[in-house]
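Reading the structure
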Amino acid sequence: MFVFSEHVNLKKERLMCGIVGYTGSREASPILIGGLRRLEYRGYDSAGLALLGEDGDMQVYKAVGKVANLEDLIKDKNLSSGTGIAHTRWATHGAPSTINSHPHQSQSGRFAIVHNGIIENYAVIRKRLMGMGYTFRSETDTEVLVQLLEYMVTNRGITDTVEAVRATLKEVIGAYAICILDRTRPGEIILAKQSSPLVVGVGEGNSEFFVGSDASPIVEYTKEVIYLEDAQIARIVPGQPISITTIENRCVQPHVQHLEMSIGSLEKGGYDHFMLKEIFEQPQVLRDCMRGRVLPSRHSIVLSALSSHSEVLTHAGRFIIISCGTSWHAGLIGKQLIENFCDTPVEVEYASEFRYRNPVIRKDDVVIAISQSGETADTLAAMQLAKEKGAFLFGIVNVIGSSIARTATTGIYTHVGPEVGVASTKAFTGQLTVLSMFALALGHLKGTITDGFYHEAVDELYHIPDKMEKVLEEDARIADMAKQFTYARNFLYLGRGYNYPLAMEGALKLKEISYIHAEGYPAAEMKHGPIALIDADMPVVFVATQRHIYDKAISNIQEVKSRKGKVYAIVFEGDENVSKVADFAIKVPVTSDFLSPIVSTVPLQLLAYHVAVNKGLNVDMPRNLAKSVTVE
Ligand code: G6P
């Protein structure tokens, strides 16, 4: 994991499905349901839970759709039990259905399992077990885990459950975070993890244990947590210390950490949606991101990752940025920042493309992985490939302790706090802030920017949050404008230079939450194709805050206008010309070109948000999307 001198916060990890577990003297079911609710933001299609009574009686309930459906299903049942596991599912193998929902039980009903991740060799195992008379109920990859476990106990005669789990896991290939209940062992939950996160909350004196696929279902009960590492198997029983061993049967000393995450940071804080809350908290979180790093009194930037690895970073022959989605857009802006200030070539690649070709990596290449969640499967795999080829790995990550943070040799946390809305907002501006700090500090260290430019740029960066606050004051106007766009079927977003990736990010925001087709294009490319689409029904969002290409922006806007397109422009305060030709203009405070994307992205976020709200859509949990994509 990369190390920081200036942080101690532990925040949560994310993944598509959600896991909750509890064992102790309280009623398990309300804790499980409450925990599933906290994990709802991930995006899911069904939910389920299993409860284990003191007499070994096991009850399993599952419901398609929201957690509320599961809650309805169990409300009249007699569920007195202090041990249980629960799950929200996001289908990977097998359609969303009650049968495919977790928990899955073994053939005899002895074991129940919940699982996050993917078992890659499930088909082979399933065929083998079916050949031996095992019957499968679901189409999931998960069911092979629980049936294989039963096979280990009944056919191979392994009596100890942990041993049987160990033998099972030795046969599977893939990613998993699992919780298992065994009817012959009331009170006990067995956990294991490989590539998918799993956290255990420890109650006072080991009297009770909470389990989560991230810490959010746990923090309201305890702040003492253990993050399981890959290839570890844990056994939790109330009143006994947690026992952790590896798949190779080595004992592991548990490492208990104190979480500083507050429940408040997971709530909507009075906003209608997490996304809106996260848009509005950007000025504050960017101040947090810069705290202790941007030093206004010295007009300089201090980054521990840079000081401790200055040799590698200043001598990098090339930076290769790998990321996905919004983080990829941040990477495209990062490329321009680093090339402008550090005079080092930068390539930006989708992690999913990078990992499946044979990229040329040279000895002096530095790979920068950008990720909000730190769990994106493609980014992680691309890093591993780069590592094998000898690249130095640098991470720009939000979630502390996440897999990408642990894989990188060094890096910079964005420190923007948990991001719950599926459409990324504050994580993006946090990434841009980190990339700006990095490029300026490295450029200064290399001597590729002057002292004067550096000091001025640092001061300006420091005041960016104040400028964002001014843009947020425009919210009501943007909401008003959004009304006119709500029924558009297509949108074009245009920008040049730093604003081109921003145009793509604006289009992505709109697509993600309002389901309107939108494309981001470099403005000058419009005439090579997209111009054919422009008519009176096609709103065009133009980010026109780049000074040296301002005149060109005006001619592009005129091209749109002459084809009856509606233009929504983002311009600097004081602008006269663009505002005159555009149908609507949002003015943002003047700032340097290289920092303007941080400010100009705010109206794009708000526009997408209000359009989606007007359409009555689920802004925080858009259809088909997940907060963190931990499968390919
Ligand atoms: C998903 C999310 C996006 C995010 C992308 C990359 O698609 O919905 O908001 O940009 O994954 O995720 P990462 O966590 O690696 O930044």
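Just above sits the structure.
Let me sum up the structure you'll find in this document.

What counts as what
Residues numbered from 1 in each chain as written. Predicted model: local features only at pLDDT ≥ 70, side-chain atom pairs only at ≥ 80, totals over all residues. Heavy atoms only, no water. Helix = DSSP H or I, 4+ residues; strand = E, 2+ residues; numbered from the N terminus. Rg over C-alpha atoms; globule rule 2.2 N^0.38 Å. Buried < 20%, exposed > 50% of the residue type's maximum accessible area, 1.4 Å probe, protein only. Contact = heavy atoms within 4.5 Å. Lys, Arg positive; Asp, Glu negative; His and termini not counted. Charge placed at Lys NZ, Arg CZ, Asp CG, Glu CD. Pairing = 2+ DSSP bridges. Axes fitted to C-alpha atoms, helices over the stretch in contact; angles between N-to-C directions. Parallel < 35°, antiparallel > 145°, perpendicular 65-115°, else oblique. Left-handed = near helix turned anticlockwise from the far one by under 90°. Nonpolar A, V, L, I, M, F, W, Y, C, P; charged D, E, K, R; others polar. Near = heavy atom within 4 Å. Polar contact = N/O pair within 3.5 Å; in protein donor to acceptor, adjacent residues only side chain to side chain. Phe/Tyr/Trp six-rings, centres within 6.5 Å; stacked < 30°, edge-to-face > 60°. Salt bridge = Lys/Arg side-chain N within 4 Å of Asp/Glu carboxyl O. Expected span 1.5 Å × (residues − 1).

Attention shifts here to the overall build of the protein. When you go through the protein residue by residue, the secondary structure sums to 21 helices and 27 strands. The C-alpha radius of gyration of the protein comes to 26 Å, within 12% of the 26 Å expected for a compact globule of 632 residues. Buried positions account for 63% of the 632 residues belonging to the protein. Taking the contacts inside the protein whose residues are at least 6 apart along the sequence as the reference set, 72% of them involve residues at least 24 apart. Counting 63 positive and 72 negative side-chain charges, the protein places the centres of these two groups 3 Å from one another.

Two modes of strand pairing occur in sheets, parallel and antiparallel, and in both the strands are linked by backbone hydrogen bonds. The sheet built from 5 strands is open, its strands ordered β19-β18-β20-β21-β22 with parallel pairing. Pairing within the sheet leaves two strands with one partner each, and these edge strands are β19 (346–350) and β22 (410–413). Shown here is a sheet whose adjacent strand axes are inclined to one another by a mean of 20°, direction ignored. Sheet topology note: the strand β18 (residues 318–323)/strand β20 (residues 365–371) ladder contains 5 bridges and is parallel. Directly across from I320, in β20, lies its bridge partner V367. Sitting on the sheet, helix α14 (residues 426–446) is in contact with β18, β20, β21 (392–397) and β22, with an inclination near 155° to β20.

In space, the 7 strands of this open sheet follow the order β5-β6-β7-β8-β12-β13-β14, with antiparallel pairing throughout. Edge positions in the open sheet fall to β5 (104–105) and β14 (251–252), since each of these has one partner strand only. Summarising the sheet, strand β8 (residues 189–194) and strand β12 (residues 232–236) pair through 5 bridges and their orientation is antiparallel. Among the inter-strand pairings, A192 is bridged to a residue of β12, identified as I233. Each of β5, β6 (111–119) and β7 (174–182) is contacted by helix α4 (residues 142–154), which is oriented at about 130° to β6, the strand it contacts most.

This part takes up the packing of helix α10 (residues 325–342) against α14. The interhelical angle for the contact between α10 and α14, taken along N-to-C directions, is 20°, at an axis separation of 9 Å. Considering their axes alone, α10 and α14 lie roughly parallel with respect to each other. Between α10 and α14 lies a crossing of right-handed hand. Facing T326, S327, H329, A330, G331, I333, G334, L337, I338, F341 and C342 of α10, the residues of α14 in contact are F428, Q431, L432, L435, S436, F438, A439, L440, L442, G443 and K446. Counted by class, the contact of α10 with α14 contains 13 nonpolar, 8 polar and 1 charged residues.

A negative phi holds for most residues other than glycine; trans holds for most peptide bonds. A cis amide bond, omega 0°, links H102 with the succeeding residue P103. Of note, the phi angle at N249 is positive, near 65°, even though the residue is not glycine. Turning to its location among the elements, N249 is positioned in the loop between β13 (243–246) and β14. N249 gets classed as partly exposed once you look at its relative accessible area, which sits at 44%. Of note in the backbone geometry, H299 takes a positive phi value of approximately 50° without being a glycine. Following the sequence through the fold, H299 ends up in the loop between β16 (294–295) and β17 (300–301).

Before going further, it helps to spend a moment on the site of the ligand. Close to the ligand lie 13 residues, the nearest being S327, S371, Q372, S373 and T376. Within the backbone of V422, one N or O atom sits 3.4 Å away from an oxygen atom of the ligand. Residue contributions to the shell around the ligand peak at 3 residues, all from α10.

Next up on the list: the packing of aromatic side chains. Tallied over the entire structure, the rule returns 11 aromatic pairs. With a centroid separation of 5.0 Å and 50° between ring planes, the pair formed by Y22 and F210 is classed as tilted. Here the residue Y22 occupies a position in strand β1 (residues 18–23), and F210 occupies one in strand β10 (residues 209–212), the gap between them amounting to 188 residues. According to the relative accessible area criterion, Y22 is buried, its value standing at 0%. The structure contains a cluster of three or more aromatic residues connected by ring pairs, namely Y22, F210 and Y221.

What follows deals with the pairing of β19. Residues in a regular strand point their side chains to alternate faces of the sheet. As paired strands, β18 and β19 are joined by 5 bridges and run parallel to one another. When the sheet's bridge partners are listed, I320 is paired in β19 with E347.

Summed over the entire model, instances satisfying the criterion amount to 27 salt bridges. Note that R235 is salt-bridged to E188, the shortest N-O span being 2.9 Å. A residue pair is termed long-range when its members are at least 10 positions apart, and R235 in strand β12 and E188 in the loop between β7 and β8 qualify at 47 residues. What emerges from the salt-bridge pattern is a single network uniting R128, R156 and E171.

The first and last C-alpha atoms of helix α18 (residues 499–514) sit 22 Å apart over 16 residues, in line with the 22 Å expected at 1.5 Å per residue. Once α18 finishes, Y515 follows within two positions and takes phi at roughly 60°, a positive value.

Among the structural elements, V541 can be located in strand β25 (residues 539–543). For the pair V541 and S108, spaced 433 residues apart in sequence, the C-alpha to C-alpha distance is 60 Å. Those residues within four positions of V541 in sequence are excluded, and the remaining contacts are F491, L492, Y493, L494, Y568, L604 and L607.

Here the focus is the side chain of S213. With respect to the helices and strands, the residue S213 is situated in the loop between β10 and β11 (224–227). You can call S213 buried: its relative accessible area is 0%. Here I19 takes part through its backbone nitrogen, which lies 2.9 Å from a polar atom of the side chain of S213.

Another point: the side chain of E505. With respect to the element layout, E505 can be found in helix α18. The buried category is assigned to E505, whose relative accessible area is 2%. Among the polar contacts made by the side chain of E505, one reaches the side chain of K509 at a distance of 2.6 Å. Apart from residues lying up to four places away in sequence, E505 is in contact with T326, H329, S424, F428 and T601.

With that settled, the discussion passes to the pairing of β13. In terms of strand pairing, β12 meets β13 through 4 bridges, oriented antiparallel. Counterpart to R235 in the pairing with β13 is S243. In this antiparallel pair of consecutive strands, β12 and β13, the connection spans 6 residues, and G239 shows a positive phi of 90°. Bridge analysis of β13 against β14 gives 2 bridges, and the strand direction is antiparallel. The residue bridging T245 from the neighbouring strand is C251, located in β14. Counting the residues that bridge the hairpin from β13 to β14 gives 4 residues, and of these N249 lies at a positive phi of roughly 65°.

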